[in-house]
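Examining the three-dimensional arrangement
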Amino acid sequence: MKGKEGPEKLIRSHLIGVTPYAYVAPLEAATAESGVTVDRIIKLDGNENPYGCSPKVKKALLEYPFYHIYPDSEQRELRQALQSYVGAPLESIIAGSGSDELIEFVMRLFIDPGDRVINCVPTFGMYQFSTDAWGGRVTTVPRNARFGVDIAAVKRAAAEGAKIVFIASPNNPSGNVTPREDILQLLDLPIVVVLDEAYYEFSQKTLVPLVREHDNLIVLRTFSKWAGLAGLRVGYGVFPDKIAKLLLRIKPPYNVNAAAQVAALESLKDLEYLRGTVKAIVAERQRLFDRLAAFQKLRPSPSEANFILCSVVNHDAQSIYQELKRRGILIRYFNTPLLKNYIRISVGKPEHTDALVAALNDILLK
Ligand SMILES: Cc1ncc(COP(=O)(O)O)c(C=O)c1O
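Described in the following lines is the structure provided in the data block. (Residues numbered from 1 in each chain as written. Predicted model: local features only at pLDDT ≥ 70, side-chain atom pairs only at ≥ 80, totals over all residues. Heavy atoms only, no water.)

1. Comments concerning the pairing of strand S5 (residues 164-168)
Along any regular strand, the residues point their side chains to alternate faces of the sheet. The buried fraction of S5 is high, at five of five residues. Neither face of S5 is exposed, since Ile-164, Phe-166 and Ala-168 on one face and Val-165 and Ile-167 on the opposite face are all buried. Where strand S3 (residues 116-119) lies against S5, three bridges are found, and the strand directions are parallel. Paired with Val-117 across the bridge in S5 is Ile-164. Pairing of S5 with strand S6 (residues 192-196) involves five bridges; the strand directions are parallel. Bridge assignment links Val-165 to a residue of S6, and that residue is Val-193. (Buried < 20%, exposed > 50% of the residue type's maximum accessible area, 1.4 Å probe, protein only. Helix = DSSP H or I, 4+ residues; strand = E, 2+ residues; numbered from the N terminus. Pairing = 2+ DSSP bridges.)

Now the structure itself:
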């Protein structure tokens, strides 16, 4: 490039200060740090499915003959198959490369630089990250002591001219569901309500049927958690008709790759198996909760998702995280103004709970 200044000077200036998304480290990094081999790491930090995907998905991926052909940009077969699972018409459903991409699409649709997005914290980090990346501005509305959404504060923020409110339900990291009555109040506001139901299969509570009646409701879902496809990146959104039509026109073509579409389709054909693993996770969630509650230093929050948030008292949450990591057990810890001294543990298999509890006994009771 000619001239004294390099192309970095041409980068959109608001991007320079963006805080990167705090992603979970890959297994190999944990192995390198702890010396525990990949197959023995107990990964309870990403809310992934410890049972993996359906065996039929692996077979279908192996046998699929068309990886050299672009996938269907309009995702017709997948959207067709999703209709009965989701209970919404094909026209209203659009898939993405993980629900993360659907969040990006919402920004692409609605956010001009400077537009306001309401974020009910503590919550999933992508809402802040994507708003920042698109040049929007976040209005932060803290949740109450039990992590419920402060509806009155959201209403005030909306009155000041916000365009979107994001509500994860169940919320990550707290695990609680936002009641239907609260969402109905938000739907009366002149803003777009994005209800993120990434953990729907574990809570069995959905407001998808409301999309038909409310032209400002978008519901996001994913195959990452219940179907064990986090690594393949496939999610979907249920959109009001006009928004879905527009989104189909402005999304990148082929945004869901062929392998992801095959895997999602096959998952929908093997619901019995997948519902079985979801049932096992939900049962284990209760057992994990009871085990954690038995520690005097841990205060687990009730959860309708596949993870449990715990407040840590009279002990340092970060040191629990580090001590567990040294033993090859990965969890998340938080030490922010709203989550002072917390840990979050994804629900694993029964043997994972047992190993975790044994390690916690060692760490907390010595
Ligand atoms: C609330 C919430 N929404 C969305 C996602 C992202 O899901 P995906 O893997 O489909 O991008 C997560 C992942 O942790 C999440 O917690």
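2. Looking at the packing of helix H4 (residues 98-110) against helix H9 (residues 241-250)
Between H4 and H9, the least distance of the axes is 11 Å, while the angle of their chain directions is 100°. The angle between H4 and H9 places the two elements in the roughly perpendicular class. Between H4, through Phe-105, Arg-108, Leu-109 and Phe-110, and H9, the contact on the second element is made entirely by Ile-243, Leu-246, Leu-247 and Ile-250. (Axes fitted to C-alpha atoms, helices over the stretch in contact; angles between N-to-C directions. Parallel < 35°, antiparallel > 145°, perpendicular 65-115°, else oblique. Contact = heavy atoms within 4.5 Å.)

3. Overview of unusual backbone geometry
In this model, Val-121 is joined to Pro-122 through a cis peptide bond whose omega is -5°. Residue Ser-169 is joined to Pro-170 through a cis peptide bond whose omega torsion reads -5°. Counting through the fold element by element, Pro-170 comes out in the loop between S5 and helix H7 (180-187). One non-glycine residue, Asn-47, lies in positive phi territory at about 55°. Using a relative accessible area of 1% as the deciding quantity, one classes Asn-47 as buried. One non-glycine residue, Gln-204, lies in positive phi territory at about 60°. With a relative accessible area of 54%, Gln-204 lands in the exposed category.

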